[in-house]
Amino acid sequence: MKKFYFTVILAAVLLFSVMGYSHENHNKTPRKVTNSSIISTRSDTININQKTSEQIKTEQDFETIRQEVKSSSVFIVFKAIGLALAIGGLAFVYLRRRNKGDE
Amino acid sequence: MNVEKSNQEKGWKLKDLDYPVPKHALEFGYCLGGIILVGFGLLIITGLIMALFFTPTVAGARLSILTLSENPFGLLLRSFHRWTAEAIMFLIILHLSRIIFTGSYQGKRKVNWFFGIGLLVITFVFFFSGTVIKWDQEGYEAYQHMLEATEMLPLGVYFASFLKGTAAVMRMFVTHSLILPLLLFVFLLPHLALVKLNGLSPLPNTAPSNSTTFSQHLKKVLGFSVPIYGLVVFLSAQFPVVLYPGPYSGVEMTKPPWIFLPLYALEDKLGLIALIIAPIIIVIALIILPYFDSKAGENSTTHKVVVWSFLIIAAISIALIIFVGITPPVRHLNM
């Protein structure tokens, strides 16, 4: 039991020390938080890019995105999974019922 | 050591679910409640994930959904959430039909019937608020209908003014993701507890029998849920949900989801007041139902009247859904 507690504490110390280290950055300069800066605090360039992409997205037609995304392999895989679950599940319920009826 | 052992024995075990229930608990009609509960679980999981990517503001709501939809998993998640909600609406109607056909609202199950009505209303508001928070043309038109109908109510002008403005999407989002889930649990817990307390309603015209276990019933619920929600996965991938263009005022170009189409048809004939009157009449009719048809047994004349009335209303609703589905959208609002 002592070994378990020791491992948990050690893991916690290692985890938090890594988190503390990654946040240690002395080169940061204070910036005013604005509507656009709150989106990303990494750099001004990213904010400008995000604004541009937001404008593009507003103009972009959802149907175009939908058709593009729909043809991705993820959708084909999930169609197959869905069909397999539906047909397999129904067959399982039907077969169990039939077997129970035979008994 | 003995005390520790006896404490362990007092703890909850999976075997505790093996208590006896009637054999008809394994029938599909008597598993519907459990299947709906599984669906709500799926909605909570998918809803929580989507909430992490959602911006509940007038300017950002549609844009954040558009961004989410660019990712195949994002669009699939949203599609699954919507299709599961549609499936739940359909399953709830089946559940309600089974209860009405078997007269399961009678006698000691009257109180549970009232909790069930509460859950029905909550589910409809869930579906409606989910439509609004997308803040596309469909959501905006639904929101405008709600505002104008609310203004017709006594003191409704004050409530409508609270719902108006830039915080509209945020307030609807809080309703959809916080207030309604809390209300759902408030009504669901006594609903489930009363099913346990009163026992499963009997099959009409048969003697009560305890010949299976609750754990078998749970297995059956999961067994039915797999093909049903598997079909929902397939539909989500085959027919991903749409997002209408950014909202424009002054036009009405969308129709509501199928479950609201009978109301839409009534609105065509009676105006916006139908959106207030029809739901109130339906809820009052459901509340007085156990008092009107209080005699146990499905052979009583009053029960036959109830069943036939329900079937006629269901047939009219289906006819209205088809009629509105094939006709172009009509303008109702003053916006």
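Coordinates for the structure precede this section.
Residues numbered from 1 in each chain as written. Chains lettered and ligands numbered in written order. Predicted model: local features only at pLDDT ≥ 70, side-chain atom pairs only at ≥ 80, totals over all residues. Heavy atoms only, no water.

*Asks:* Give me the lowdown on the overall build of chain A, citing residues and values where you can.
*Replies:* A tally of regular secondary structure across chain A gives 4 helices and 0 strands. For chain A, the succession of helices and strands along the chain, N to C, is α-α-α-α. Burial status across chain A gives 15% buried among its 103 residues. Only carbon and sulfur atoms are counted for the fraction: they give 64% of the accessible area of chain A, which is about 8800 Å². (Helix = DSSP H or I, 4+ residues; strand = E, 2+ residues; numbered from the N terminus. Buried < 20%, exposed > 50% of the residue type's maximum accessible area, 1.4 Å probe, protein only. Areas by Shrake-Rupley, 256 points an atom, 1.4 Å probe, with all protein chains shown as cover.)

*Asks:* Before we move on, can you summarise the interface of chain A and chain B with the specific residues and values?
*Replies:* Counting residues at the interface gives 24 residues for chain A, matched by 31 residues for chain B. Summed over both sides, the interface of chain A with chain B buries roughly 2400 Å², with 73% coming from carbon and sulfur. Joining chain A to chain B, the criterion identifies 0 salt bridges. Across the contact surface, chain A and chain B share 4 residue pairs in polar contact (both at pLDDT 80 or more). Top element by residues in the side of chain A that touches chain B is helix α4 (residues 73–102) of chain A. It accounts for 13 residues. Taken together, the residues of the side of chain A that touches chain B sort by class into 11 nonpolar, 5 polar and 8 charged. (Contact = heavy atoms within 4.5 Å. Buried area = accessible area lost by both parts, 1.4 Å probe. Salt bridge = Lys/Arg side-chain N within 4 Å of Asp/Glu carboxyl O. Polar contact = N/O pair within 3.5 Å; in protein donor to acceptor, adjacent residues only side chain to side chain. Nonpolar A, V, L, I, M, F, W, Y, C, P; charged D, E, K, R; others polar.)

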